Amino acid sequence: MATASPTIAPPTVRQTQCFIGGQWVPAQSGKTFDTINPATEEPIAQVAEGDAADVNLAVEAARNALENGEWSRIDARDRGALMHRLADLMEEELDELAALESLDNGKPISDAKAADLPLAIDCLRYYAGYADKLHGQTIPIRGNYFTYTRREPVGVVGQIIPWNFPILMAAWKWGPALAAGCTIVMKPAEQTPLTCLRMGRLAQKAGIPDGVINIIPGYGPTAGASLVKHPGVDKIAFTGEYLTAQIIMSDASQTLKRLTFELGGKSPNIVFADADLEAAAAGSHFALYFNQGQCCCAGSRLFVEESIHDEFVERLIAMNQSRKLGDPLDPATEQGPQVDQAQFDKILKYIDIGNNEGAQCVSGGARWGEQGYYIEPTLFTGVTDEMKIATDEIFGPVLSVLKFKDVGEVIDRANNTPYGLAAAVWTRDIGKAHHVAAKVKAGTVWINCYDVFDAAAPFGGFKMSGMGRELGERGLDAYLESKTVTVALD
Ligand code: NAI
Ligand code: MG
């Protein structure tokens, strides 16, 4: 007999202050802000509200650690060992970190345990292995010279992350930065600061020297913007929306900082009639509804070949009807609340827009329950390319289904967007699959699968979905400068 697994008790919040030079300190202004539990709409904790003054101190600590501290002298292999130690501590605390993530973000605890935490730990271990493998080259040039290159840390890096995968985004950013020998000032999202701060504590326990990782919780236009403008910061790595990236690019222009952006998308997910329809339906459902639809690479434009359209939509509706919404800390929950009131309002507005544009809402379409930012899994059919629900990133559980007739047509329509983060194609015809993969303008293409992530596989956007790549060997590029050294041999 199956017994229901008990709901996890909310974890204790232990870190709420700024983390600067190894010290836990209140914001200089004394200000705090509430972080909210999206399942209850009630505050969980008051967190230090950092701004320019705190960023200044953090950058100073990071600069000092980079140039004078133990980190500046440590052997590369020992740097890797510290990263492994951090990953081990996260593994030891996996249950607690997952529960804290679930509490602050609203994501189902089972997702946090199965996806966010293992992927974050794996990412740190993957990059730990690179710490002592950052080789330069020896280069034959004309004349009697010896020329070689060194790969050096880019310096102090500012890292600004969003709320949809807080721990995972911290790991994606810390992994390559630490492997490269950089020092870090991170600003977590104001919606979800708690797990990043907890990771700061674990980094300290792991023995990562003071000042190597600094964390300033706070808001974008204050803490975030001062990090971007600070002349002591060499590089900004940002994940979030393209409108914010545009502000960051402009703010960073004064100091010509190195920039990497991982932005959003309106990713096409293309299902041909010759696909394994059961797998394609399950994969397409996951592609959009996973993480409450709050994924940069969500398969939010679902193109279905006309001949199988109705049957395919029936399968998706059935999955929506059996989806279990509820308390994120209940291990049986499949869908939690949206992260905050602003996202909740934005998504409901898009559902109104879809209805007014003449699309058919055939599943969901409303708030779920009376408390918490829950939205029913929602599905629109009859969506056409120019509708706003087909062009805008909604970032919620709202799927738009579009019909198509042939390969050339669907490739053109898939590419008719300023975005280019991800795409997927479902078919049993391998020639067609690789043809679509080659023609679609996106940084990642999945064939007969979706959302397959690995620390070793580069990820990032074409066009307005980003600049540069994270993960994989390429993910290190943005954290390293190349220095050419030439020696006269005469
Ligand atoms: P956002 O881009 O404003 O926030 C992301 C991070 O940037 C946060 O840490 C925020 O504090 C910081 N930030 C905001 N303004 C800044 C500034 N002027 N300078 C420096 N840092 C700044 O995204 P937001 O407002 O949380 O969500 C709005 C929409 O963005 C969502 O509805 C979704 O469409 C998209 N989004 C996409 C994400 C992705 O993974 N691609 C993640 C989060 C949001
Ligand atoms: Mg914003």
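Structure shown above.
Let me begin by describing the structure that accompanies this report. Bear in mind that the values here come from a model prediction, so they are computed numbers and not experimental data.

### Observations concerning the packing of helix H5 (residues 166-180) against helix H6 (residues 194-206)
Now for step 1: Between H5 and H6, the least distance of the axes is 8 Å, while the angle of their chain directions is 45°. By the criterion of interaxial angle, the relationship of H5 to H6 is oblique. Handedness of the H5/H6 crossing: right-handed. The residues of H6 that touch H5, namely those facing Pro-166, Ile-167, Ala-170, Ala-171 and Trp-174, are Thr-195, Cys-196, Met-199 and Gly-200.
Now for step 2: Along the lines of polarity and charge, the residues of the contact of H5 with H6 split into seven nonpolar, two polar and no charged.

### Regarding the nonpolar core
Now for step 1: Residues Leu-86, Met-90, Trp-174, Leu-178, Ile-213, Val-271 and Phe-312 are the most contacted members of the largest nonpolar core, which totals 96 residues.
Now for step 2: Residues within four places of Ile-213 in sequence aside, it is in contact with Phe-19, Trp-174, Leu-178, Ile-184, Ala-203 and Ile-208.
Now for step 3: The next biggest cluster of nonpolar side chains, apart from the first, holds 28 residues, and it includes Phe-380, Ile-389, Val-436 and Val-440.

### Describing the environment of Phe-303
Now for step 1: In this fold, Phe-303 is placed in strand S13 (residues 301-305).
Now for step 2: Classification of Phe-303 as buried rests on a relative accessible area of 0%.
Now for step 3: For the pair Phe-303 and Leu-402, spaced 99 residues apart in sequence, the C-alpha to C-alpha distance is 4.8 Å.
Now for step 4: When sequence neighbours within four positions are dropped, the list of residues in contact with Phe-303 reads Pro-268, Asn-269, Ile-270, Val-271, Asp-385, Leu-402, Phe-404, Val-410, Arg-413 and Ala-414.

### Some remarks on a nonpolar patch on the surface
Now for step 1: Together, Phe-146, Val-487 and Leu-489 make up a nonpolar patch on the protein surface, roughly 240 Å² of accessible area in all.
Now for step 2: The topology assignment puts Leu-489 in the segment after strand S20 (480-488).
Now for step 3: For Leu-489, a relative accessible area of 48% puts it in the partly exposed group.

### Some details on the site of ligand 1
Now for step 1: Within the structure, ligand 1 sits among 27 residues, and Ile-161, Trp-163, Glu-190, Thr-244 and Lys-346 are positioned closest to it.
Now for step 2: At 2.8 Å from an oxygen atom of ligand 1 is found a side-chain nitrogen or oxygen belonging to Thr-244.
Now for step 3: Here an oxygen atom of ligand 1 sits 2.9 Å away from a polar atom, N or O, in the side chain of Gln-343.
Now for step 4: Across the complex, the protein chains shield 91% of the 810 Å² of accessible surface that ligand 1 would expose by itself.
Now for step 5: Of all elements in the fold, only helix H7 (220-229), strand S10 (235-239), helix H8 (242-252) and helix H11 (341-357) reach the threshold of two or more residues within the shell around ligand 1.
Now for step 6: Considering only residue class, the shell around ligand 1 consists of 13 nonpolar, nine polar and five charged.

### Focus: the sheet that holds strand S14 (residues 360-363)
Now for step 1: Ordered in space as S14-S15-S16-S13-S12-S17-S18, the seven strands form an open sheet in which the pairing is mixed. The two strands at the open ends of the sheet, each matched to only one other strand, are S14 and strand S18 (444-447). Looking at each pair of strands side by side, their axes are set apart by 25° on average, direction ignored.
Now for step 2: Relative to strand S16 (residues 398-404), S13 is paired through five bridges, and the arrangement is parallel. Across the sheet, Phe-303 pairs through a bridge with Leu-402, a residue of S16.
Now for step 3: Relative to the sheet, helix H10 (residues 309-322) contacts strand S12 (268-271), S13, S14, strand S15 (378-381) and S16, its axis offset from that of S15 by approximately 165°.

### Focus on the pairing of strand S11 (residues 258-262)
Now for step 1: Of all five residues making up S11, four are buried, and the element is well covered by its neighbours.
Now for step 2: Note: S10 against S11, five bridges, orientation parallel. Looking across to S11, one finds that Ala-237 is bridged to Thr-260.
Now for step 3: Direction of pairing for S11 relative to strand S19 (residues 466-467): antiparallel, over a ladder of two bridges.

Definitions and limits used
Residues numbered from 1 in each chain as written. Chains lettered and ligands numbered in written order. Predicted model: local features only at pLDDT ≥ 70, side-chain atom pairs only at ≥ 80, totals over all residues. Heavy atoms only, no water. Axes fitted to C-alpha atoms, helices over the stretch in contact; angles between N-to-C directions. Helix = DSSP H or I, 4+ residues; strand = E, 2+ residues; numbered from the N terminus. Parallel < 35°, antiparallel > 145°, perpendicular 65-115°, else oblique. Left-handed = near helix turned anticlockwise from the far one by under 90°. Contact = heavy atoms within 4.5 Å. Nonpolar A, V, L, I, M, F, W, Y, C, P; charged D, E, K, R; others polar. Core = buried A, V, L, I, M, F, W, Y, C linked by side-chain atoms within 4.5 Å. Buried < 20%, exposed > 50% of the residue type's maximum accessible area, 1.4 Å probe, protein only. Patch = residues over 30% accessible without salt bridge, like charges linked within 9 Å, V, L, I, M, F, W, Y side chains within 5 Å. Areas by Shrake-Rupley, 256 points an atom, 1.4 Å probe, with all protein chains shown as cover. Salt bridge = Lys/Arg side-chain N within 4 Å of Asp/Glu carboxyl O. Near = heavy atom within 4 Å. Polar contact = N/O pair within 3.5 Å; in protein donor to acceptor, adjacent residues only side chain to side chain. Pairing = 2+ DSSP bridges.

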